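Understanding the architecture of this molecule
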Amino acid sequence: QQQVKQSPQSLIVQKGGISIINCAYENTAFDYFPWYQQFPGKGPALLIAIRPDVSEKKEGRFTISFNKSAKQFSLHIMDSQPGDSATYFCAASRRQLTFGSGTQLTVLP
Amino acid sequence: SAVISQKPSRDICQRGTSLTIQCQVDSQVTMMFWYRQQPGQSLTLIATANQGSEATYESGFVIDKFPISRPNLTFSTLTVSNMSPEDSSIYLCSVAGLLAGVTGELFFGEGSRLTVL
């Protein structure tokens, strides 16, 4: 049973636009929600993370919005750039990390 | 952060053979993990490599197929045994970050891409 559902599977955005990736989880025991960014041929790298006692966290152009009651969280990339083109994975953790299925983001120049 | 080196970065293997992947970390780490990422897919945890004791395997993964060694706090190996084309994947070594009590902050190696013919 998939515990973290991620959408969309792929996303194409124009340069300067906003990229939004959504995730939903089932296990209310999760206590840490990271996002990972993976470029082709590389391992995933931690991008930004949030704890469930916070509704929003912003780091530069990247923002996580967290809705505890709905058990949903999302990644917003403002002013998307071609260099942001990568696969993004949401994840949730409670002693062990569970990954979403991934979103392949393409930012067109 | 930790710097993680994996060898080999890629290999093409014949069915029925075994391959050992090495993972070297530039600092001592308590928790080390092995993940599998099938082409275009998400990451699946194979096992936790425990220093000085047997690895802890996730459901669907067994020691006979994926033996793991962890002789010290900076090194681990994963062997993929008796390979079949279904084992063609990227195998990733990862270590936990230093945030106390946080098990979701992981650092990954660049992966070992295996193709089994």
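Everything here concerns the structure above.
Before going into details, it helps to say that this report is about the structure given with it. (Residues numbered from 1 in each chain as written. Chains lettered and ligands numbered in written order. Predicted model: local features only at pLDDT ≥ 70, side-chain atom pairs only at ≥ 80, totals over all residues. Heavy atoms only, no water.)

Thoughts on the sheet that holds strand β3 (residues 19-25) of chain B
All names here are of chain B. Pairing in this open sheet of 4 strands is antiparallel, and the strands run β1-β3-β8-β7 from one edge to the other. Two strands lie at the open edges of the sheet, namely β1 (4-7) and β7 (68-72), each paired on one side alone. Shown here is a sheet whose adjacent strand axes are inclined to one another by a mean of 15 degrees, direction ignored. With 3 bridges joining them, β7 and strand β8 (residues 75-80) adopt antiparallel strand pairing. Pairing of Ser69 across the sheet is with Thr77, part of β8. (Pairing = 2+ DSSP bridges. Helix = DSSP H or I, 4+ residues; strand = E, 2+ residues; numbered from the N terminus. Axes fitted to C-alpha atoms, helices over the stretch in contact; angles between N-to-C directions.)

A short note on the state of the cysteines
Summed over the entire model, instances satisfying the criterion amount to 2 disulfides over all chains. Covalently, Cys23 of chain A is tied to Cys90 of chain A through a disulfide, its sulfur atoms 1.9 Å apart. Of note, the bridge from Cys23 of chain A to Cys90 of chain A carries an S-S torsion of about -95 degrees and is left-handed in sense. Placement of Cys23 of chain A in strand β3 (residues 19-25) and of Cys90 of chain A in strand β9 (residues 86-93) is noted, with a sequence separation of 67 residues between them. The burial state of Cys23 of chain A is the same as that of Cys90 of chain A; both residues are buried. For Cys23 of chain B, the disulfide goes to Cys93 of chain B, at an S-S distance of 1.9 Å. Disulfide Cys23 of chain B-Cys93 of chain B: the torsion about the S-S bond is -65 degrees, which places it as left-handed. Placement of the pair is Cys23 of chain B in strand β3 and Cys93 of chain B in strand β9 (residues 89-96), with a sequence separation of 70 residues. A relative accessible area of 0% places Cys23 of chain B in the buried class. Accessibility expressed as a relative area gives 0% for Cys93 of chain B, which makes it buried. (Disulfide = S-S within 2.5 Å. Buried < 20%, exposed > 50% of the residue type's maximum accessible area, 1.4 Å probe, protein only.)

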